[in-house]
Amino acid sequence: MLFFPKKVKAQRITVMIGLLLALASAIVLLIKVKTDGVQTVTLGSWAPPFGITMVSDMISVLLVLSSLLIAIFVVWYSYTSIGEDREKAFYYPAIMFMLTGVNGAFTTGDIFNMFVFFEVLLMSSYVLIVLGGEKVQLRESIKYILVNIVSSSLFVITVGYLYSVVGTLNMADISIKLEEIGQSGIVTVIAVLFLIVFGIKGAIFPLFFWLPGSYSAPPVPVLALFGALLTKVGVYAIMRTYSLFFTTDVGFTHELLMVISIITIVAGCIGALAYFDVKQIIIYNIVIAVGVILFGASIMNDSGMLGSIFYLIHDILIKGALFLLIGIVIKITGTSDLRKMGGLMRRYPVLGWSYLVAAFGLAGIPPLSGFVGKLLVIQGGFEEGHIWQSVFILASSLIVLLSAIRIFIYAFWGAEKVVHTISPKTYRHLLAPAVTLVALTVLYGVGSEYLVPFMSDAATVLLDPSVYTDAVFRGVK
């Protein structure tokens, strides 16, 4: 695609074929991992821990599958919404490079290689955030780039500290070495540094200050891609390192993670209620979801971890769907300010009801997609005696519901306000991917029973590091 950027139709066909082929291979890999267990490949035939290992366990393959699904819907939506000028400026290659970084981070078995994949996805996101060159994009992109430069520098320093302690970069080998060393003071410091590094990427409190402005600046398809995927890479990295590396003194590191996750939910709830901008409301709901996922992961029991994984996949799908839906609302009304919207239900009933279903899914109304994950997270909290924290997470669902329903009431109910004319053809082309993705989230919730075996395998890998390490070192003498 880099060789024919001006041929828009060829770009569209090529990117969709590429994504569908990638999705098909991810489904095959999912079946392979379910049947035969964790799959590994060490590049250059160097035996681990010397070679760079790529590892596909159930958690990573589920996340790869989810990221490809979201990318397909975003690209489909982009055909109508992004505009040919942006399409001709390497828009689709940037998406593919970003996916390379995201999926590489999910599947790498080498901690320095994770840094490399982070840089790949960040460089691609720098392109996507400025594409079009609007003033707000350029202003917010400077903040976004500066924050990530600091974060990446800290990442390298932290990896350097870790290497000085264990003498290896292979994640399975690090896990074995740290178990032998135990949780010394320097290991705890490294654990906190990793939390800061990945917390900046994953938008935990107080490190999410860059998120609302940076994510609201680019066009809606880019916002959907960022909102669904980028923070989840940081969240995954925290879950992976805190379940694989730092398991010998969970009394400090995981308690810290739990406290931060609760404060993150509080901050997200305040932001979601404070704004009248539809983008900002859903962006702050990303922060709330990050808190819920990390709370489940910090408990380190079966129910909590299973709930975190369910909720992680749910949030990727539901945030993608919501951003695509509010993109249509913004296109129709010409504004993202709720106070200037109203009465859309009369002309656009399918859009209205689709949004309502997605909003209920976001809040975790049974039997929709957010229900099972949140229920399991709360159950895990009760099992470990974290009563008030679990009750608080349950109460936060009401704030999520209130923030999402505010959009529905302001935009779709009441007197009709200024509505930009949008052709029926454009409306249908924008609605199709958004409604299909909402339907997929409904299926995810209703059919969660059939997904339990996959999610259980993912939780087992995270809770039992030996499953991961044995797979990596299988056959190594």
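Residues numbered from 1 in each chain as written. Predicted model: local features only at pLDDT ≥ 70, side-chain atom pairs only at ≥ 80, totals over all residues. Heavy atoms only, no water.

What to know about the packing of helix H13 (residues 302-333) against helix H19 (residues 448-463)
Here is step 1: Running from N to C, H13 and H19 cross one another at 120 degrees; their axes reach a closest spacing of 9 Å. Here H13 and H19 pass one another in a crossing that is right-handed. On H19, the residues touching Asp302, Met305, Leu306, Ile309, Phe310 and Ile313 of H13 are Ser448, Leu451, Val452, Met455, Ser456, Ala458, Ala459, Leu462 and Leu463.
Here is step 2: The residue inventory of the contact of H13 with H19, partitioned by class, reads twelve nonpolar, two polar and one charged. (Axes fitted to C-alpha atoms, helices over the stretch in contact; angles between N-to-C directions. Helix = DSSP H or I, 4+ residues; strand = E, 2+ residues; numbered from the N terminus. Left-handed = near helix turned anticlockwise from the far one by under 90°. Contact = heavy atoms within 4.5 Å. Nonpolar A, V, L, I, M, F, W, Y, C, P; charged D, E, K, R; others polar.)

Describing the environment of phenylalanine 360
Here is step 1: You can see phenylalanine 360 is positioned in helix H15 (residues 349-363).
Here is step 2: Judged by relative accessible area, phenylalanine 360 falls into the partly exposed class, the value being 30%.
Here is step 3: Measuring from C-alpha to C-alpha, the distance between phenylalanine 360 and isoleucine 405 comes to 8.5 Å, with 45 residues separating the pair along the chain.
Here is step 4: In contact with phenylalanine 360, other than residues within four places in its own chain, are Ile365, Leu368, Leu401 and Ile405. (Buried < 20%, exposed > 50% of the residue type's maximum accessible area, 1.4 Å probe, protein only.)

Observations concerning the packing of H19 against helix H20 (residues 465-472)
Here is step 1: Between H19 and H20, the least distance of the axes is 4 Å, while the angle of their chain directions is 85 degrees. Taken as axis vectors, H19 and H20 run roughly perpendicular relative to one another. Contacts between H19 and H20 pair Thr460, Val461 and Leu463 from the former with Pro465, Val467 and Tyr468 from the latter.
Here is step 2: Here the contact of H19 with H20 is composed, by residue class, of five nonpolar, one polar and no charged. (Parallel < 35°, antiparallel > 145°, perpendicular 65-115°, else oblique.)

A look at the pairing of strand S2 (residues 53-56)
Here is step 1: The two faces of S2 match: Thr53 and Val55 on one face and Met54 and Ser56 on the other face are all buried.
Here is step 2: Across four bridges, the pairing between strand S1 (residues 39-42) and S2 is antiparallel. Note that in S2 the partner of threonine 40 across the bridge is valine 55. (Pairing = 2+ DSSP bridges.)

Comments concerning the nonpolar core
Here is step 1: If you look at the biggest cluster of nonpolar residues, it comprises 176 residues, and the most contacted ones within it are Met239, Leu351 and Tyr355.
Here is step 2: The biggest single contributor to this core is H13, with 20 residues.
Here is step 3: Every residue in contact with methionine 239, bar those within four places of it in the chain, is listed here: Ile293, Leu294, Ala297, Met305, Ser308, Ile309, Leu312 and Leu462. (Core = buried A, V, L, I, M, F, W, Y, C linked by side-chain atoms within 4.5 Å.)

Quick word on the side chain of threonine 264
Here is step 1: Looking at the secondary structure, you find threonine 264 in helix H11 (residues 250-274).
Here is step 2: Looking at threonine 264, its side chain comes within polar contact range of the main-chain nitrogen of phenylalanine 205, at 2.9 Å.
Here is step 3: Ignoring anything within four residues of it in the chain, the contact list for threonine 264 reads Ala203, Ile204, Phe205, Val287 and Gly291. (Polar contact = N/O pair within 3.5 Å; in protein donor to acceptor, adjacent residues only side chain to side chain.)

Digging into the side chain of aspartate 315
Here is step 1: Residue position: aspartate 315 is located in helix H13.
Here is step 2: Taking the relative accessible area as the measure of exposure, aspartate 315 reaches 0% and is therefore buried.
Here is step 3: A polar side-chain atom of aspartate 315 sits 2.5 Å from a polar atom in the side chain of lysine 319.
Here is step 4: Ignoring sequence-local partners within four residues, the contact set of aspartate 315 consists of Lys232 and Ala289.

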